[in-house]
Amino acid sequence: MCRYAMSGPYKEKWACFECRKSFRKTNRWEIHARPVPLAEDGERLVLCPQCGQRMNDMGLDFKAPRQNDIEQWKKVELLFANGYAFHSCGCNGPGPHPARLNEVPTFVAQEQQARELRQQKRANQLMSRRKRKRHDVHPKEYFARVRSK
């Protein structure tokens with residue numbers, strides 16, 4: 001069962017890459033008294049209390065590195081810039097992530113390749129379903145359906 005769905009409330013973890021600090025903020029669904037400020041892109045706007053820069057939503061499974069571990073902070077920033085954060089439902093965790101900064105480019109390339117293969121497989125499945133639907137129906141019935149739409 002999903003850990004985060006069964007109990008809580010859990011605080012969201014946000015990171016500031018400028019200050020190399022992480023903060024926990026109340027979950028957006030738990031705030032009842034006041035509206036949540038939103039940025040231009042529609043995401044929740046959380047500002048760093050130290051530098052005032054916009055913070056990044058890292059996910060519930062994020063564990064911040066030490067503030068003086070610059071290499072790990074660069075790794076986390078590079079992963080976030082490429083669309084990888086630490087979001088999960090709590091069942092299996094966020095999945096594998098590289099341990100070192102120099103492993104990030106190969107990780108991103110492999111994940112991009114795997115994503116493209118999944119998309120191609122999904123597209124092939126949809127095409128085969130469409131072909132089956134066309135061939136299962138008599139051509140006159142098929143064209144009658146198309147014209148009626």
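Residues numbered from 1 in each chain as written. Predicted model: local features only at pLDDT ≥ 70, side-chain atom pairs only at ≥ 80, totals over all residues. Heavy atoms only, no water.

Counting buried positions over the 5 residues of strand 1 (residues 12-16) gives 4, a clear majority of the element. Where strand 1 lies against strand 2 (residues 21-25), 5 bridges are found, and the strand directions are antiparallel. Looking at strand 2, one finds that K13 is bridged to R24. Hairpin geometry of strand 1 and strand 2 is characterised by an intervening segment of 4 residues between the two adjacent antiparallel strands and by a positive phi of about 55° at R20. Here 2 bridges tie strand 1 to strand 3 (residues 56-57), and the two strands are oriented antiparallel to one another. (Buried < 20%, exposed > 50% of the residue type's maximum accessible area, 1.4 Å probe, protein only. Helix = DSSP H or I, 4+ residues; strand = E, 2+ residues; numbered from the N terminus. Pairing = 2+ DSSP bridges.)

Attention shifts here to the packing of aromatic side chains. For the structure on display, the rule yields 5 aromatic pairs. Ring plane angle 65° and centroid distance 5.3 Å describe the contact between Y84 and F107, whose orientation is recorded as edge-to-face. Placement of Y84 in the loop between helix 2 (70-81) and helix 3 (104-136) and of F107 in helix 3 is noted, with a sequence separation of 23 residues between them. Across this residue pair, the class does not change: Y84 and F107 are buried. Site record: aromatic cluster; members linked through ring pairs are F17, F62, W73, F80 and F86. (Phe/Tyr/Trp six-rings, centres within 6.5 Å; stacked < 30°, edge-to-face > 60°.)

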